[in-house]
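This is what each chain is made of:
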Amino acid sequence: MEILTPNLTPCAASADNSRGRRFPEPLSAYRSEFQRDRDRIVHSIAFRRLEYKTQVFVNHEGDHFRTRLTHSLEVAQIARGIARSLRLNEDLAEAISLAHDLGHTPFGHAGQDALNNCMSDHGGFEHNLQSLRIVDKLEQRYAAFDGLNLCFETREGILKHCAIETASRLGDLGERFIERTQPSLEAQICNLADEIAYNNHDIDDGLRSGLLSLDQLNEVPLFADNWALVKSAYDGVDERRLIHETIRRMINTLVCDLIEMSESNISRCAPRTLDDVRQAGMPIVRFSESIDDAQREMKRFLRKNLYQHYEVLRMTWKTQRIVGDLFAAYLDDPRMLPPAYRGPDKQPRRVADYIAGMTDRYAMKEHKRLFAIGEI
Ligand code: MG
């Protein structure tokens, strides 16, 4: 018997309308299908590695900065709250959120760009596709199948975007990019919960690191409006607390707007089934126009002032070299790879899988082992 989350709205994803697992399995007596997916993700090796992978700041730069793991937990927490308010499937929202960044390379986007360059003649590298590859193939922990054998809806949510050429190779999972249909509402929530999480925690980490200043942030209305309110209500309170108070208000503004806007879209579009959601023509989970604009402005601000900050770019340059060097070395002599990553064919893809799976600190250590004269 399927254990259902109570009072789900009819267009929510559930075991009843799921397209199921690639390898059919008997239902669990005590857990819902999406709870099981969440549990499989939490028990995977790729999930534990997120602890030592960069979000924006390289892992060793400080203990208080977000890592991929804490980022994923924040996304899950935000997504679950929104899903619960809209009577959607919390377990599915949690599973997708916890898995959405599994495919990230060491050193964040810099690592991915470097690996994508290395793979330019071999099909490229994209972290989103890699997340899917991990849950479908690379995790080898179950006796009966490769991967985690997750439900279609969880895999659909993990594959956020995809080029048309790639989509045609992905069978039923790629169909929506060709047919331009939508994923479940739970997947749509995770997509925006990701943005809410990183915009806000990057402001927090940016201020903490000293790479961003309050003066700069006060040029962005979403921050400035909340900062002014907090400052006048709590005059004389320590600045760090006021920053946290401002950020929590921003998260609240975004989450409440998303819930209210989506609720009204749901009643307007009136999807009765998950298939109606897929055929809706555009995402139903959305911000209001004004908050969407404010959110985009914040993104532009972070790109210009944090992600392109000269100190971040120095680290980017350095970490791209590490990834490039490792790739060239392994491909030059695959005998240096652990046996599981050597093969009769597709050697570049195997090297990419190996490097993408590394944590920041492992990649740095391995680079030292292979390139530092005097190190063994
Ligand atoms: Mg993310």
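Residues numbered from 1 in each chain as written. Predicted model: local features only at pLDDT ≥ 70, side-chain atom pairs only at ≥ 80, totals over all residues. Heavy atoms only, no water.

(A) Spatial organisation of the coordination of the magnesium ion. The coordination sphere of the magnesium ion contains the protein donors His71 (NE2), His100 (NE2), Asp101 (OD) and Asp194 (OD), at a distance range of 2.1 to 2.5 Å. Going along the chain, you hit the donors of the magnesium ion in the pattern H-x28-H-D-x92-D. Of the two residues, His71 sits in helix α3 (residues 68–85) while His100 sits in the loop between α4 (90–99) and α5 (108–118), which places them 29 residues apart along the sequence. Pair check on accessibility: His71 and His100 agree, each one buried. (Donors = N, O, S within 2.8 Å, 3.2 Å for Na, K, Ca; no water. Helix = DSSP H or I, 4+ residues; strand = E, 2+ residues; numbered from the N terminus. Buried < 20%, exposed > 50% of the residue type's maximum accessible area, 1.4 Å probe, protein only.)

(B) Broad picture of the pattern of salt bridges. Applying the stated criterion to the full structure yields 34 salt bridges. For Glu33, the salt bridge is made with Arg36, and the minimal N-O distance between the two is 2.9 Å. Here Glu33 and its partner Arg36 are both found in helix α1 (residues 33–42), three residues apart, which amounts to about one turn of the helix. With a shortest N-O distance of 3.9 Å, Asp276 and Arg272 are connected by a salt bridge. Look at Arg272 and you get exposed, because its relative accessible area is 63%. (Salt bridge = Lys/Arg side-chain N within 4 Å of Asp/Glu carboxyl O.)

(C) View of the packing of α5 against helix α16 (residues 310–332). Relative orientation of the contacting elements α5 and α16 amounts to 40°, with a least axis distance of 8 Å. α16 is crossed by α5, and the crossing has right-handed handedness. On the side of α5, the interface is formed by Ala110, Gly111, Asp113, Ala114, Leu115 and Cys118, while α16 contributes Thr316, Thr319, Gln320, Val323, Gly324 and Phe327. Grouping the constituent residues of the contact of α5 with α16 by class yields six nonpolar, five polar and one charged. (Axes fitted to C-alpha atoms, helices over the stretch in contact; angles between N-to-C directions. Left-handed = near helix turned anticlockwise from the far one by under 90°. Contact = heavy atoms within 4.5 Å. Nonpolar A, V, L, I, M, F, W, Y, C, P; charged D, E, K, R; others polar.)

(D) Local environment of the environment of Val135. Assignment of secondary structure puts Val135 in helix α6 (residues 127–138). Relative accessible area serves as the criterion here: at 0%, Val135 is assigned to the buried category. Sequence-distant contacts of Val135, defined by excluding residues within four places in its chain, comprise Leu102, Gly147, Leu148, Asn149, Leu150 and Ile158.

(E) Spotlight on the nonpolar core. With 58 residues, the main nonpolar core has Ile203, Phe223 and Met298 as its most contacted residues. Counting residues per element, this core draws most heavily on helix α10 (residues 185–209), which supplies 10 residues. Setting aside residues no more than four positions away along its own chain, Ile203 makes contact with Leu212, Leu217, Phe223, Ile247, Met250, Met298 and Leu302. Ala95, Ile134, Phe152 and Ala167 belong to the second largest nonpolar core, which has 22 residues in total. (Core = buried A, V, L, I, M, F, W, Y, C linked by side-chain atoms within 4.5 Å.)

(F) Quick peek at the packing of helix α12 (residues 221–233) against helix α13 (residues 239–269). Contact pair α12 / α13: the axes reach a minimum separation of 9 Å and the direction vectors enclose 125°. On the basis of the axis angle, α12 is oblique to α13. Considering the relative orientation of α12 and α13, their crossing is right-handed. Residues Leu222, Phe223, Asn226, Trp227, Leu229, Val230 and Lys231 of α12 lie in contact with α13, whose contacting residues are Glu239, Leu242, Ile243, Glu245, Thr246, Arg249, Met250, Thr253 and Leu254. (Parallel < 35°, antiparallel > 145°, perpendicular 65-115°, else oblique.)

(G) Quick peek at the packing of aromatic side chains. Tallied over the full model, the rule gives five aromatic pairs. A centroid spacing of 5.9 Å and a plane angle of 10° characterise the contact between Phe23 and Phe145, whose relative ring orientation is stacked. Taken together, the positions of Phe23 in the segment before α1 and Phe145 in the loop between α6 and α7 (152–158) put the pair 122 residues apart, joining distant regions of the chain. Over the ring of Tyr52 we find Arg361; its NZ or CZ atom is 3.7 Å from the centre of that ring. (Phe/Tyr/Trp six-rings, centres within 6.5 Å; stacked < 30°, edge-to-face > 60°. Lys NZ or Arg CZ within 6 Å of the ring centre and 35° of its normal.)

(H) Focus on the side chain of Asn265. Inspection of the secondary structure puts Asn265 in helix α13. On the accessibility criterion, Asn265 (1% relative accessible area) is buried. Once you skip the residues sitting within four places of it in the chain, Asn265 turns out to touch Ala270, Ile284 and Arg286.

(I) The environment of Asn149, seen in detail. Summarising the element assignment, Asn149 is placed in the loop between α6 and α7. By relative accessible area, which is 4% here, Asn149 ends up buried. Those residues in contact with Asn149 that sit more than four places away from it in its chain are Arg21, Arg22, Phe23, Glu25, Arg40 and Val135.

(J) Fine view of the domain arrangement of the chain. Per the domain assignment, the segments of the chain are domain 1 (33–312) and domain 2 (314–371). For domain 1 and domain 2, the distance between their C-alpha centroids amounts to 27 Å. Taken over both partners, the interface formed by domain 1 and domain 2 buries close to 2,300 Å², and the fraction arising from carbon and sulfur atoms is 64%. Sorting the residues of domain 1 by area buried against domain 2 places Tyr52, Pro106 and Phe107 first, and these three jointly supply 25% of that buried surface. Joining domain 1 to domain 2, the criterion identifies one salt bridge. Across the pair Arg133 and Asp353 runs a salt bridge whose closest N-O atoms are separated by 2.6 Å. For the pair domain 1 and domain 2, the number of links is 16 residue pairs in polar contact (both at pLDDT 80 or more). (Domains from an automatic or database assignment. Buried area = accessible area lost by both parts, 1.4 Å probe. Polar contact = N/O pair within 3.5 Å; in protein donor to acceptor, adjacent residues only side chain to side chain.)

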